[in-house]
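Architecture at a glance
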Amino acid sequence: MGAAMTEAGLFLLDLLLVLTLLCLAWWSLAATDLFKGIVLFIAFGLVLALAWVRLDAPDVALAEAAIGAGLTGALLLTTLSKLASSIDNPPAKRSSPVLLWVLLVMLAAVLGYAIMSLPQQAQGLADTVASQMGNSGVEHPVTAVLLNFRGYDTLLEMAVLLLALIAAWSLAPRAATSCEMDEALTVSPIVLALFRMLIPLMILVAAYLLWVGAHAPGGAFQAGSVLAAAGVLALLCGKRLEGRLAGWPLRLGLVLGTAMFVAVAAAVMVGGAHLLQYPLASAGKLILLIEAAATFSIGLTLAMLFSGQRPSRGPAS
Amino acid sequence: MDSFFITVACLLLLTLMAGLWRVLRGPTAVDRMMAAQLFGTTAVAILLLLAEALGQPAMRNVALVFALLAVVTVMAFVHRAWPGDEPRHQQRGRHDDVE
Amino acid sequence: MWNSLSIVLIMIGMVFFIAGTLGLLRFPDVYTRLHALTKADNVGLGFLVAGLMLQADSLTTALLLLLIWVLVMLAGAGAGQLVAQAALQRQHPVAKSQDDGRGHD
């Protein structure tokens, strides 16, 4: 069993992955049964994570796993349950297949042209990043780029997430202030047992992913998504997080990540550096500080987005 | 040894593709959901095999996240989105406050 | 020696994955399909993880593999119970002969 066989096996695996992904993407789009479409999309997320791993992008695979398994499936299923009463699946109107095929061929041609016109030996920025790793304060290149070299982008992403929540809240109904469990929901002992065992583990794994991000795939977004999944699980088990978390503690938690990022970004300017130019000696610690705050805020924001309700102003009694 | 792991991973991916038939055919929502659950376990198995074969320990963390969060989707399905007839004793939506 | 034991264990795991998929495809109702797929979760992944643990380069890796298996079992067992309970509540039929398990009642 030599290297050639390994290569051949990997080629076969990649081929199967691409085939499965294309089928899943097509079927989930073409499904007239919305539930079927959702399940196909969940499966698509699973296979996509495998594909990211094969593309040597374990950071993206981790994010896909956390968001796909922890958030998207639950979000789509919950949305479907809210839609179910309001719409029946309308019979799909058949537009002219000729037009469809013309459009498809044109799109395929454009995409094909784009791929063919890519330079054969793209230099990329990998070498530049590798040569500057010593100045980053961390050992994992992806974390170095996200939090240090291109920290500005990540800061704006945090702000975008916050804006998304504000937009969702402006459209959402206000949640009841009650703090108790959903009355209608009879919580079975199995749900409670799963809840009690999994929530602490999820928080622990989120902390682990945050920590490991300094030298291996992981980081604030992955950790935040796992934390959000813990929140989603709590909501699904009938816990009223919106009632429990309200008023200024919630709002403080939501802006903590962005605020910490801005505070650090500005604080380094006091020492005469540029915005987000961390001093080398403390870069690692500053990045961990920002990421810890960001993890917390990302988790809270995503869980609140899942809940879809605007919490009340004051804390529950 | 590595090529053995990769062969098994390919076979597992093939079983996943076969399981898709159940998702496509149904007939009920539960059948589709159960198939998705099996895919989750299959994906974990493939990731663990590849982590060993390719020497990429980060893949085990991806598998860990999948294993940890497998419950969330099923919970959403059972509590929120089981379509068709409601359970006999109660209506368990929490969206009745949305008008 | 360890390698061949690994191969045997992983092959056994693989058999359970294939059996689980076949059961999912061929069994007549929700409950029997559930039974089939939890075998892949518990036993299939169990043997596979056992085979991989023999290959692990460190104790941490072996323990991580074990943790992943336990988590998948927990999810499988919990989800199996929840789904079966909910299916019973909604009176999903138990297959007798040629019933395809369609949820009308």
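Residues numbered from 1 in each chain as written. Chains lettered and ligands numbered in written order. Predicted model: local features only at pLDDT ≥ 70, side-chain atom pairs only at ≥ 80, totals over all residues. Heavy atoms only, no water.

Digging into the overall build of chain B
When helices and strands are tallied, chain B shows three helices and zero strands. Mapped from its N terminus to its C terminus, chain B presents α and β elements in the order α-α-α. Within the span of chain B, comprising 99 residues, buried residues form 74% of the whole. Surface exposure of chain B reaches about 2,800 Å², of which carbon and sulfur atoms provide 56%. (Helix = DSSP H or I, 4+ residues; strand = E, 2+ residues; numbered from the N terminus. Buried < 20%, exposed > 50% of the residue type's maximum accessible area, 1.4 Å probe, protein only. Areas by Shrake-Rupley, 256 points an atom, 1.4 Å probe, with all protein chains shown as cover.)

Describing unusual backbone geometry
Phi is positive for aspartate 56 of chain A, close to 60 degrees, though the residue is something other than glycine. With respect to the helices, strands and loops of the structure, aspartate 56 of chain A is situated in the loop between helix H2 (34-54) and helix H3 (58-83).

Some details on the interface of chain C and chain A
On the chain A side, the residues contacting the six residues of chain C number seven residues. Summing both sides of the interface, chain C and chain A together bury roughly 620 Å²; the carbon and sulfur share of this comes to 90%. By the criterion of area lost to chain A, the three top residues of chain C are Leu71, Leu74 and Leu82 of chain C, representing 56% of everything that side buries. Where chain C touches chain A, the interface holds zero salt bridges. In the side of chain C that touches chain A, the residues fall into three nonpolar, three polar and no charged. (Contact = heavy atoms within 4.5 Å. Buried area = accessible area lost by both parts, 1.4 Å probe. Salt bridge = Lys/Arg side-chain N within 4 Å of Asp/Glu carboxyl O. Nonpolar A, V, L, I, M, F, W, Y, C, P; charged D, E, K, R; others polar.)

What to know about the interface of chain A and chain B
Across the boundary between the two partners, chain A contributes 64 residues, which contact 53 residues of chain B. Carbon and sulfur atoms make up 78% of the area that chain A and chain B hide from each other, which totals about 5,300 Å². Summed over the three residues of chain A that lose the most area to chain B, namely Phe35, Leu46 and Leu50 of chain A, the buried surface amounts to 11% of that side. Run the count over chain A and chain B and you get one salt bridge. For aspartate 33 of chain A, the salt bridge identified is with arginine 32 of chain B, shortest N-O distance 3.5 Å. There are five residue pairs in polar contact (both at pLDDT 80 or more) connecting chain A and chain B. Those elements that provide at least two residues to the side of chain A that touches chain B are helix H1 (3-30), H2, H3, helix H8 (189-212) and helix H9 (220-236) of chain A. The leading source of residues in the side of chain A that touches chain B is H3 of chain A, at 13 residues. (Polar contact = N/O pair within 3.5 Å; in protein donor to acceptor, adjacent residues only side chain to side chain.)

Details of the side chain of arginine 22 of chain B
The topology assignment puts arginine 22 of chain B in helix H1 (residues 2-25). Buried within the structure, arginine 22 of chain B lacks any salt-bridge partner; its nearest side chain of opposite charge belongs to aspartate 31 of chain B, at an N-O separation of 5.2 Å. One polar contact links the side chain of arginine 22 of chain B to the main-chain carbonyl oxygen of leucine 24 of chain C, over a distance of 2.8 Å. Other than its neighbours up to four places away in sequence, arginine 22 of chain B contacts Pro27, Asp31, Arg32 and Ala35 of chain B together with Leu24, Leu25, Arg26, Phe27 and Arg33 of chain C. (Lys, Arg positive; Asp, Glu negative; His and termini not counted.)

Examining helix H11 (residues 247-270) of chain A
Each α-helix winds once per 3.6 residues, and so residues spaced three or four apart point in a common direction. All names here are of chain A. Taking 1.5 Å per residue as the helical rise, H11 with its 24 residues ought to reach 34 Å, and the 33 Å between its terminal C-alpha atoms agrees with that figure. Along H11, the positions that sit buried rather than exposed are Gly247, Leu250, Gly253, Leu254, Gly257, Thr258, Phe261, Val264, Ala265 and Val268. Looking at the buried side of H11, the elements it contacts are helix H6 (141-149), helix H7 (151-171) and helix H12 (283-307). Just downstream of H11, glycine 272 is the residue with a positive phi angle, here 90 degrees. (Expected span 1.5 Å × (residues − 1).)

So, the pattern of salt bridges
All names here are of chain B. Under the counting rule described, the total for this entry stands at four salt bridges over all chains. When the shortest N-O distance is used, the salt bridge between arginine 60 and glutamate 52 registers 3.1 Å. Comparing arginine 60 with glutamate 52, the two get one shared label, buried.

Observations regarding the environment of valine 72 of chain B
As for its position among the elements, valine 72 of chain B is in helix H3 (residues 58-79). On the basis of relative accessibility, which here comes to 0%, the residue valine 72 of chain B falls in the buried class. On a C-alpha basis, the gap between valine 72 of chain B and valine 23 of chain B in space is 19 Å, while along the polypeptide they are 49 residues apart. Once residues within four sequence positions are removed from consideration, valine 72 of chain B is found in contact with Ala69, Gly70, Ala74, Met202, Ala229, Val232, Leu233 and Leu236 of chain A.

Observations regarding H7 of chain A
Residue and element names in this part refer to chain A. With 21 residues, H7 should cover 30 Å at 1.5 Å per step; its first-to-last C-alpha distance of 31 Å lies within 8% of that length. Along H7, the positions that sit buried rather than exposed are Gly151, Thr154, Leu155, Met158, Leu161, Leu162, Leu165 and Trp169. Viewed end-on, H7 has its buried residues packed into an arc of 115 degrees, placing them on one side of the element. Seen from the open side of H7, the exposed residues pointing more than 90 degrees away from its buried face are Val160, Leu163, Ser170 and Leu171. Next to the buried residues of H7 lie H6, H9, H11 and H12. (Arc of directions from axis to C-beta.)

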